[in-house]
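Architecture and fold: a report
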Amino acid sequence: MSKDQMQNEMKYQLSKELLTKMLFRNLITEEEYYRIDCFNLQTFQPTEVKLYEKNSRCVTEKQVSFA
């Protein structure tokens with residue numbers, strides 16, 4: 001893992017921790033939590049992004065189908 005990848009991973013984890021605290025203090029709604037988390041996944045692109053996407057409610061362009 002490169003230095004940049006490690007920094008992105010740390011930034012994402014910190015943002016997730018802050019979001020969780022904000023949610024539990026009722027500063028943001030659950031919907032806002034998931035929207036911001038998805039944005040952070042796209043922004044920081046942590047190494048294990050696939051794993052994080054499975055555990056979030058993010059909908060990527062690849063997952064959207066217009067049948």
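Up top is the structure these notes are about.
I will try to describe carefully the structure that is included in this document. (Residues numbered from 1 in each chain as written. Predicted model: local features only at pLDDT ≥ 70, side-chain atom pairs only at ≥ 80, totals over all residues. Heavy atoms only, no water.)

Description of the side chain of serine 15
For serine 15, the location among the structural elements is in helix H1 (residues 3–24). A polar contact of 2.7 Å, which involves the side chain of serine 15, links it to the backbone oxygen of tyrosine 12. If near-sequence neighbours (up to four positions away) are discounted, serine 15 is found in contact with Asn40 and Phe44. (Helix = DSSP H or I, 4+ residues; strand = E, 2+ residues; numbered from the N terminus. Polar contact = N/O pair within 3.5 Å; in protein donor to acceptor, adjacent residues only side chain to side chain. Contact = heavy atoms within 4.5 Å.)

Quick word on the pattern of salt bridges
What the rule picks out here adds up to three salt bridges. We note a salt bridge from glutamate 17 to lysine 21, for which the minimum N-O separation is 3.7 Å. Taken together, the residues span about one helical turn, with glutamate 17 and lysine 21 both in helix H1 at a distance of four residues. Here glutamate 31 and arginine 35 are joined by a salt bridge, their closest N and O atoms 3.7 Å apart. Of this pair, glutamate 31 and arginine 35 both sit in helix H2 (residues 30–44), four residues apart, which is roughly one turn of the helix. Both residues of the pair, glutamate 31 and arginine 35, belong to the exposed class. (Salt bridge = Lys/Arg side-chain N within 4 Å of Asp/Glu carboxyl O. Buried < 20%, exposed > 50% of the residue type's maximum accessible area, 1.4 Å probe, protein only.)

What to know about H2
A rise of 1.5 Å per residue sets the reference length of H2, with its 15 residues, at 21 Å; its end C-alpha atoms lie 21 Å apart and thus fit the reference within 8%. Among all positions of H2, only Tyr33, Asp37, Cys38, Asn40, Leu41 and Phe44 are buried. The buried residues of H2 occupy one face: seen down the axis, they fall within an arc of 160 degrees. With respect to the buried face of H2, the exposed residues turned more than 90 degrees away are Glu31, Arg35, Phe39 and Gln42. Positive backbone phi, approximately 45 degrees, marks glutamine 45, located one or two places after H2. (Expected span 1.5 Å × (residues − 1). Arc of directions from axis to C-beta.)

Quick word on unusual backbone geometry
With the exception of glycine, the majority of residues adopt a negative phi angle, and the majority of peptide bonds are in the trans configuration. Unusually for a residue other than glycine, asparagine 26 sits at a positive phi of about 60 degrees. With respect to the helices, strands and loops of the structure, asparagine 26 is situated in the loop between H1 and H2. Given the relative accessible area of 69%, asparagine 26 is considered exposed. Phi is positive for glutamine 45, close to 45 degrees, though the residue is something other than glycine. Mapping glutamine 45 onto the fold places it in the loop between H2 and helix H3 (49–54).

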